[in-house]
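Each chain is listed here by its residues.
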Amino acid sequence: MPEIIGDPRYIPQSEFSPKIQRCLRLLREKAGAYSTWLDCYNLKIRAAAASGANFADGAIDIERSTFNQSDTWLASVIIHEAVHFWQYRSGNYQAGDVAEQDANRYQLGVLQL
């Protein structure tokens, strides 16, 4: 399971962790194949100023407005960013439209749960 890291500057741990845990549970129960990326790459999920895949830190960063959406939307964003790690670590990451289109397909799959 990914390490969940709140940050009082953005989203405190006491608020961040329970919702992220719900999203991870949703992914395990409804999209198990997708959730394996999170374990496979030993990713962290952390509160941050902006959402995105932080390759240098091995973290999926989540900002407040993304966090405030539904659990399903947040789970889909987590998968979207996990796809970028898969692309990056497999040597297939191309910043821009190609990477985003691929990640969007998986994100859409989660939204259809």
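That block above? That's the structure.
Residues numbered from 1 in each chain as written. Predicted model: local features only at pLDDT ≥ 70, side-chain atom pairs only at ≥ 80, totals over all residues. Heavy atoms only, no water.

As a further point, take the environment of R105. When you line up the elements, R105 lands in helix 5 (residues 97-111). The class for R105 is exposed, based on a relative accessible area of 53%. (Helix = DSSP H or I, 4+ residues; strand = E, 2+ residues; numbered from the N terminus. Buried < 20%, exposed > 50% of the residue type's maximum accessible area, 1.4 Å probe, protein only.)

What follows covers the packing of aromatic side chains. Across all of its chains, the model carries nine aromatic pairs by this definition. With 5.2 Å between their ring centres and 85 degrees between their planes, F55 and F85 make a pair best called edge-to-face. Of this pair, F55 sits in the loop between strand 3 (52-54) and strand 4 (59-62) while F85 sits in helix 4 (residues 71-89); the two residues are 30 residues apart in sequence, bridging distant segments of the chain. A relative accessible area of 0% means that F85 is categorised as buried. Look at F55 and Y88: their rings are 4.0 Å apart centre to centre, the planes differ by 5 degrees, and that puts the pair in the stacked class. Remark: Y88 occurs in helix 4 and F55 occurs in the loop between strand 3 and strand 4; sequence separation between them is 33 residues. Residue class for Y88 comes out partly exposed when judged on its relative accessible area of 43%. Site record: aromatic cluster; members linked through ring pairs are Y34, W37, W86 and Y106. Residue placement shows K19 over the ring face of F67; its charged tip is 5.0 Å from the ring centre. (Phe/Tyr/Trp six-rings, centres within 6.5 Å; stacked < 30°, edge-to-face > 60°. Lys NZ or Arg CZ within 6 Å of the ring centre and 35° of its normal.)

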